[in-house]
Amino acid sequence: MIEVESIDEGQLLLRVTGKLERNDIDRATRELNAAATDNEALNLLIDLSKFEGMTIEAVISDARYGLIHLSDLKRYQRIAVLTNADWLKSIVWIENQLFGGIDMRTFATDDEDLARGFVAGEDIPEPEYEPSVVRLASNQPNLVVFEIRDKIRAGDAGAMFGFLGDAYKQHGKVNLMVIVREYEGFELGMLFDTDTWKSKTGSISQIDQYAIVGGPPFLAATAQFVGSFLPITIKTFKLDELDEAWAWLGARALLT
C-alpha cells in the first residue's frame, strides 16, 4: 500500500507499507500527476522502512512503470528514499545514473530528518555509498550493461539480476555485457552458473549475445567451455578491447 501525504508546498511523502501492488503504483501516479499540475517543481520523500513482500524484479519493473507514467519528469528535482536494505540502495543508485535530471538519494530509516531536509532543498552531503556493480546506459534498449568495480555484495548482485529480469519482461530476448574491472572478492562462476540464473531471472536462454570484458586470463577459457553447453553466443574481450565489444554488440555507450 502507498499513502501519499503533503509535507509542504511542492513536497510529498509516499509511505510504502506491506506488499506493493500495481494498482498502488497506478493510484500513487495519479496523485503525483495531479500534484505536478499545481507545482513547477516537485520533490518526493519515499519511506520504504515498512516495505515488504515483493521481489527485486517486481520492484524495479513497477518503479520504472511509475516513473514512465509520470506526466512530466522534468518537474521532479529531488527524491529521497528511506531504507536500510542494501539491494534497494543499489537500485536507487543505479536509477540515479539513468535519470540524470533527478537527484535521487537513499537515507537510513533513522535519518528521516536529513531526508526531509534534502527534500526541502537543504544542502545535505551525499551519503558515501557506491555499489560495486554499476549499470551503464547504451543506445540499444535491449542491451543490459553492467560494470563490476569492486567486491560484489549481496545487494549489488540482487540488483544486477533484478535489472536483468526486468529487461526480460520488457524485451524478451536481450543482449548482455559485463565489464569486469575488479574480480577479486567474488565468484566468477556466478557469471555462468545456470542454477543461479534460473533462480534469479528465470532463465539464461533469453540472452542472445553475451560479451564479457576484462577479468582474469582464465575467464576466456571458462567462457568458451561453458558457452558450448548454453544456447547463447558468448565472446570475451580484454579491457583494452572494450570498443571492440561495443562494436560486436552493435551498440555504443551513452554518457549519463
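See above for the structure.
Residues numbered from 1 in each chain as written. Predicted model: local features only at pLDDT ≥ 70, side-chain atom pairs only at ≥ 80, totals over all residues. Heavy atoms only, no water.

1. Description of the packing of aromatic side chains
Stage number 1. Enumeration over the complete set of coordinates arrives at two aromatic pairs.
Stage number 2. Between Phe 237 and Trp 248 the ring centres are 6.0 Å apart and the planes differ by 55°, which places this aromatic pair in the tilted class. Note that Phe 237 is positioned in strand E10 (residues 233-237) and Trp 248 in helix H8 (residues 242-248), a separation of eleven residues in sequence.
Stage number 3. Relative accessible area serves as the criterion here: at 7%, Phe 237 is assigned to the buried category. (Phe/Tyr/Trp six-rings, centres within 6.5 Å; stacked < 30°, edge-to-face > 60°. Helix = DSSP H or I, 4+ residues; strand = E, 2+ residues; numbered from the N terminus. Buried < 20%, exposed > 50% of the residue type's maximum accessible area, 1.4 Å probe, protein only.)

2. A word on the sheet that holds strand E9 (residues 207-214)
Stage number 1. Pairing in this open sheet of five strands is mixed, and the strands run E6-E7-E8-E9-E10 from one edge to the other. Each edge of the sheet is formed by a strand with only one pairing partner; in this case those strands are strand E6 (133-136) and E10. Between one strand axis and the next, the sheet turns by 20° as a mean value, whatever way the strands run.
Stage number 2. Note: strand E8 (residues 174-180) against E9, six bridges, orientation parallel. Across the sheet, Val 174 pairs through a bridge with Ile 207, a residue of E9. (Pairing = 2+ DSSP bridges. Axes fitted to C-alpha atoms, helices over the stretch in contact; angles between N-to-C directions.)

3. Let's talk about the sheet that holds strand E3 (residues 42-51)
Stage number 1. If you walk across this open sheet you meet the five strands as E1-E2-E3-E4-E5, and the pairing is mixed. Strands at the two margins of the open sheet, each flanked by one partner only, are strand E1 (2-8) and strand E5 (103-107). Strand-to-strand twist of the sheet, defined as the mean angle between neighbouring strand axes without regard to direction, takes the value 20°.
Stage number 2. The pairing of strand E2 (residues 11-18) with E3 spans seven bridges and is parallel. What sits directly across from Gln 11, in E3, is Asn 43.
Stage number 3. With respect to the sheet, helix H1 (residues 22-36) is in contact with E1, E2, E3 and strand E4 (76-82), its orientation differing from that of E1 by roughly 20°. (Contact = heavy atoms within 4.5 Å.)

4. Points about the pairing of E2
Stage number 1. Here six bridges tie E1 to E2, and the two strands are oriented antiparallel to one another. For Glu 5, the partnering residue across the bridge sits in E2 and is Leu 13.
Stage number 2. Where E1 folds back onto E2 in an antiparallel hairpin, the turn is made up of two residues, including Gly 10, whose phi is positive at roughly 75°.
Stage number 3. A crossover connection joins E2 to the parallel E3 through H1; in handedness this β-α-β unit is right-handed. (Right-handed = clockwise from strand over helix to strand, strands pointing away.)

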